[in-house]
Amino acid sequence: MSNSSRTPAALDGIKVLDLSRVLAGPWCTQILADLGADVVKIERPGVGDDTRHWGPPFLKDGEGRDTDQASYFTCCNRNKRSVTVDMASPEGQALLTQMAQEADILVENFKTGGLKQYGLDYESLRAINPRLIYCSVTGFGHDGPHAQRAGYDLMIQATTGMMSITGRPDEEAGGGPLRVGVALTDLFTGVYASSAILAALNVRHSTGEGQHIDMALLDVGMAILANQASGFLNTGKVPQRQGNSHPSLAPYQDFRTSDGAMLLAIGNNGQFERFCEAAGHTEWSQDPRFATNPLRVRHRDLLIPMMEEVTRTRTTAQWITLLEDKAVPCGPINHIGQAFEDEQVKARGLAVTLPRGAGDG
């Protein structure tokens, strides 16, 4: 297919100068790149992005041997072009200034004020490119007593209380605060940042001017506490860790089966009634203790053990087969390898294998 017949991508013609590293900023620019923007990633000479060395695991060469590039780097830097520039040198600063003058978007995640010494801060670049949308990603924002602190996802998960609601209660085996299994705050920050940039692009269509976006991991970490935060703000009651169960829904958790475990995510009374009928216990949905969701939450200590006696009588696959045509959310608890083997994951094309040339960064 010729380039002239190719359907333009959503961000065709948009130039992005990516001065970010590690995860939150690169996740943002990867989204922009996936949407068709031309993203040029700037890396340190001789070293590159920190995540190139965050291994194992490392990428394999054609003979199955480890290379010197960590697979971590590949998760957030696809569809970009990487170049190395020494921004501490006058030549490097001049080059980056020229690139910023021609860019639509710049994304950076230096500590607040860190780029001013190079003439690459927002005010300096705005003077030569008023249309520039400049997104700063920091740990704690540009003001406040902790503005100068470096921020990593694990620190933010701890600071915001995310770890306090993740894991099992202290009194249970294996209890204690836990981080989420991926760098959730970094990833959400990248998504929030890309959304803000797209909004700023839309504003520029009418005003002709860019703007400075202040995106902080702390702010995002507090925002994604979602219902747990609103519950606290409305009641003053601090949410607690409760494993895989839900503070406001029941039954909504893992259940033991005869060959392992499954997940039930029952979100309304109709789903509960259909589950009870399929399980051969219609009396549960008619029991005044379990008739509504608030009642089921209040009496979950009675309901869940009763249900587990029944869920243990079938395999996970049998439960899924039994419930899938009854609109009762039920599924396996996969490891990542099983998830990639899932037929729906394959049908959606969620894993793409591409060749890697010798010159690929």
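Above this text sits the structure in question.
This one's a predicted model, so the numbers in the text were calculated from it and none came from an experiment.

K.L.:
I would appreciate a short explanation of the packing of aromatic side chains in the present structure.
P.N.:
Aromatic rings considered in pairs are described by the distance between their centres and by the relative angle of their planes. Under the defined criterion, the tally for this structure stands at four aromatic pairs. Where Phe 275 meets Trp 319, the ring centres are 5.9 Å apart and the plane angle is 25°; that geometry is what we call stacked. A residue pair is termed long-range when its members are at least 10 positions apart, and Phe 275 in helix 9 (residues 269–279) and Trp 319 in helix 13 (residues 316–323) qualify at 44 residues. Note on Phe 275: relative accessible area 0%, which makes it buried. Geometry around Phe 73 places Arg 52 over its ring, the cationic atom sitting 4.0 Å from the centre. Note that Arg 296 overlies the ring of Phe 272, its terminal NZ or CZ placed 4.5 Å from the centroid.

K.L.:
Can you help me understand the sheet that holds strand 9 (residues 252–257) in this one?
P.N.:
Two orientations exist for strands paired in a sheet by backbone hydrogen bonds: parallel and antiparallel. Across the sheet, three strands lie side by side as 9-10-11; this open sheet has antiparallel pairing. Single-partner strands in this sheet number two, and they are strand 9 and strand 11 (330–332). Pairwise comparison of adjacent strand axes, ignoring direction, gives a mean angle of 30° for this sheet. Of the pairings in the sheet, the one linking strand 10 (residues 260–265) to strand 11 comprises three bridges and is antiparallel in character. The partner of Met 262 across the bridge, within strand 11, is Pro 332. Running at roughly 35° to strand 9, helix 12 (residues 300–311) makes contact with strand 9 and strand 10 of the sheet. Against the sheet, helix 13 makes contact with strand 9, strand 10 and strand 11, and its axis sits at roughly 150° relative to strand 11, the strand it touches most.

K.L.:
Honestly, the pattern of salt bridges in this entry has me stumped. Any pointers?
P.N.:
For side chains of opposite charge, pairing can occur when their charged atoms come near one another. Considering all chains together, one arrives at 16 salt bridges under this definition. One salt bridge connects Arg 168 with Glu 172, and the closest N-O pair in it is separated by 3.6 Å. Glu 172 sits in the partly exposed class, given a relative accessible area of 37%. Linked by salt bridges that have partners in common, Asp 61, Glu 63 and Arg 65 make up one network.

K.L.:
Any chance you could explain the pairing of strand 9 here in plain terms?
P.N.:
One face of the sheet, then the other: side chains in a regular strand alternate in exactly this way. When strand 9 meets strand 10, the two strands line up antiparallel, connected through six bridges. Within the sheet, the bridge partner assigned to Tyr 252 lies in strand 10 and is Ala 265. In this structure, the hairpin formed by strand 9 and strand 10 is closed by a connection of two residues.

K.L.:
Which parts of the structure should I look at to understand the nonpolar core?
P.N.:
Side chains of nonpolar character tend, in soluble globular proteins, to be buried together. Residues Leu 32, Ile 105, Cys 135 and Ile 197 are the most contacted members of the largest nonpolar core, which totals 28 residues. Of all the secondary-structure elements, those providing two or more residues to this core are helix 1 (24–34), strand 6 (105–108), strand 7 (133–138), helix 6 (184–207), strand 8 (212–216) and helix 7 (217–223). If sequence neighbours within four positions are ignored, Ile 197 has contacts with Cys 28, Leu 32, Ile 105, Val 107, Ile 133, Cys 135 and Ile 213.

K.L.:
For this particular structure, what's the right way to read the sheet that holds strand 6?
P.N.:
If you trace the six strands from one edge of the open sheet to the other, you get 5-2-1-6-7-8, paired in parallel fashion. Since the sheet does not close on itself, it has two edges, and those belong to strand 5 (80–84) and strand 8, each with one partner. Between one strand axis and the next, the sheet turns through 20° on average, direction left out of account. In this structure, strand 1 (residues 15–19) lies alongside strand 6, joined through four bridges in parallel fashion.

K.L.:
Teacher, can you tell me more about the environment of Leu 32 here?
P.N.:
By secondary structure assignment, the location of Leu 32 is in helix 1. Judged by relative accessible area, which is 0%, Leu 32 ranks as buried. Between the C-alpha atoms of Leu 32 and Ser 194, which are 162 residues apart in sequence, the distance is 6.9 Å. Each residue touching Leu 32, except ones within four places of it in the same chain, is listed here: Leu 11, Val 16, Ala 37, Ile 105, Ser 194, Ile 197 and Leu 198.

K.L.:
Just to check I follow, could you spell out the packing of helix 1 against helix 6 for this structure?
P.N.:
Between two packed helices, what matters for the description is the angle formed by their axes and the separation of those axes. Two numbers describe how helix 1 lies on helix 6: the axes approach to 7 Å, and their chain directions differ by 45°. Classified by the angle their axes make, helix 1 and helix 6 are oblique. Both helix 1 and helix 6 take part in a crossing whose hand is right-handed. Residues Ala 24, Trp 27, Cys 28, Ile 31 and Leu 32 of helix 1 touch helix 6, and the partners they reach there are Asp 186, Leu 187, Thr 189, Gly 190, Val 191, Ala 193, Ser 194, Ile 197 and Leu 198.

K.L.:
How do you make sense of the side chain of Asp 121 when you look at a structure like this?
P.N.:
Locating Asp 121 in the fold gives a position in the loop between strand 6 and helix 4 (122–128). Looking at Asp 121, its side chain comes within polar contact range of the side chain of Ser 124, at 2.6 Å. In contact with Asp 121, not counting residues within four places along its chain, are Leu 115, Lys 116 and Tyr 134.

Scoring rules and cut-offs
- Residues numbered from 1 in each chain as written.
- Predicted model: local features only at pLDDT ≥ 70, side-chain atom pairs only at ≥ 80, totals over all residues.
- Heavy atoms only, no water.
- Phe/Tyr/Trp six-rings, centres within 6.5 Å; stacked < 30°, edge-to-face > 60°.
- Helix = DSSP H or I, 4+ residues; strand = E, 2+ residues; numbered from the N terminus.
- Buried < 20%, exposed > 50% of the residue type's maximum accessible area, 1.4 Å probe, protein only.
- Lys NZ or Arg CZ within 6 Å of the ring centre and 35° of its normal.
- Pairing = 2+ DSSP bridges.
- Axes fitted to C-alpha atoms, helices over the stretch in contact; angles between N-to-C directions.
- Contact = heavy atoms within 4.5 Å.
- Salt bridge = Lys/Arg side-chain N within 4 Å of Asp/Glu carboxyl O.
- Core = buried A, V, L, I, M, F, W, Y, C linked by side-chain atoms within 4.5 Å.
- Parallel < 35°, antiparallel > 145°, perpendicular 65-115°, else oblique.
- Left-handed = near helix turned anticlockwise from the far one by under 90°.
- Polar contact = N/O pair within 3.5 Å; in protein donor to acceptor, adjacent residues only side chain to side chain.

Function cannot be read off these values alone, since they describe shape.
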